[in-house]
Amino acid sequence: ANVANEVAQGQICESTLASNFKDVGGVNMNEQTRQIFDSPSLRVQHVHDVAGAEACGALKNVIALGAGFIDGLDDLGSNTKAALMRVGLSEMIKFCKIFFEDVNDQT
């Protein structure tokens, strides 16, 4: 997820486009759509794993909330946040493999 004003200011951002469009008239519509949004400061990557991208996009927000909570607590530091992120990413993979049989590990 990107913060709109940071994108508008030209700060370096990254986003993932998940789609499975069919080619139209020999034109790769997935790539054509990606290029609409891609720019030097907003790098857009395409994946075909729509379910995996949606699930991971939602689950990473839960991890981000936890990271923010850690930032707000005086007695927890970078090691705690790193542990949360490592375990959170591992749990995201497990969750996706349980509920989405065709999820791609690269997503």
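In this report, the structure presented in the accompanying data block is examined. Predicted, not measured: the structure shown is a model, and the values here were computed from it.

Bringing the overall build of the protein into the picture now. Helix and strand content of the protein: four helices and two strands. Element order for the protein, N to C, with α for helix and β for strand: α-β-α-β-α-α. Relative to the compact-globule value of 13 Å for 107 residues, the protein shows a C-alpha radius of gyration of 17 Å, a clear excess of over 25%. Projected onto the principal axes, the alpha-carbon positions of the protein cover approximately 60 × 40 × 15 Å. The proportion of buried residues among the 107 residues of the protein is 21%. Partitioning the intrachain contacts of the protein with sequence separation of at least 6 by distance along the chain shows that 58% fall at a separation of at least 24. With an accessible surface of roughly 7,700 Å², the protein has 57% of that area assigned to carbon and sulfur atoms. Each charge class in the protein was averaged separately, 8 positive and 14 negative side chains, and the resulting centres sit 3 Å apart.

Turning our eyes to something else, we now look at the layout of surface pockets. By volume, the largest pocket amounts to about 610 Å³. As for the largest pocket, its lining consists of 23 residues, and the residues nearest its centre are Thr16, Ala53, Cys56, Gly57 and Thr107. For the lining of the largest pocket, the elements supplying multiple residues, two or more each, are strand E1 (13-18), strand E2 (42-47), helix H3 (50-72) and helix H4 (78-99). A class-by-class count of the residues in the lining of the largest pocket yields 10 nonpolar, nine polar and four charged.

Okay, the packing of aromatic side chains next. Scanning the model with the defined rule gives one aromatic pair in all. Judged by centre distance (4.6 Å) and plane angle (40 degrees), the ring pair of Phe95 and Phe99 falls under tilted. Of this pair, Phe95 and Phe99 are both found in helix H4, four residues apart, which corresponds to roughly one turn of the helix. What makes Phe95 partly exposed here is its relative accessible area of 35%.

With that settled, the discussion passes to helix H2 (residues 29-37). All of the buried residues in H2 are Asn30, Thr33 and Arg34. One side of H2 carries all its buried residues, which in axial view fall inside an arc of 100 degrees. Elements in contact with the buried residues of H2: E1 and E2. With a side-chain oxygen positioned 3.0 Å from the backbone nitrogen of Asn30, the residue opening H2 is Asn28.

Once the charged atoms of two side chains with opposite charge are near each other, the side chains can pair. Overall, the coordinates contain six salt bridges when judged by the stated rule. For Arg34, the salt bridge goes to Glu31, with nearest N and O atoms at 2.7 Å. Residue Arg34 and its partner Glu31 are both found in helix H2; the two are separated by three residues, about one turn of the helix. By sharing partners, the salt bridges in this structure join Glu31, Arg34, Asp38 and Arg43 into a single network.

What counts and how
- Residues numbered from 1 in each chain as written.
- Predicted model: local features only at pLDDT ≥ 70, side-chain atom pairs only at ≥ 80, totals over all residues.
- Heavy atoms only, no water.
- Helix = DSSP H or I, 4+ residues; strand = E, 2+ residues; numbered from the N terminus.
- Rg over C-alpha atoms; globule rule 2.2 N^0.38 Å.
- Buried < 20%, exposed > 50% of the residue type's maximum accessible area, 1.4 Å probe, protein only.
- Contact = heavy atoms within 4.5 Å.
- Areas by Shrake-Rupley, 256 points an atom, 1.4 Å probe, with all protein chains shown as cover.
- Lys, Arg positive; Asp, Glu negative; His and termini not counted.
- Charge placed at Lys NZ, Arg CZ, Asp CG, Glu CD.
- 1 Å grid on protein atoms, 1.4 Å probe; cavity = no way out; pocket = protein on both sides within 12 Å on 5 of 7 lines; lining within 4 Å.
- Points joined across faces, edges and corners; volume = space filled by probe spheres on them.
- Nonpolar A, V, L, I, M, F, W, Y, C, P; charged D, E, K, R; others polar.
- Phe/Tyr/Trp six-rings, centres within 6.5 Å; stacked < 30°, edge-to-face > 60°.
- Arc of directions from axis to C-beta.
- Polar contact = N/O pair within 3.5 Å; in protein donor to acceptor, adjacent residues only side chain to side chain.
- Salt bridge = Lys/Arg side-chain N within 4 Å of Asp/Glu carboxyl O.

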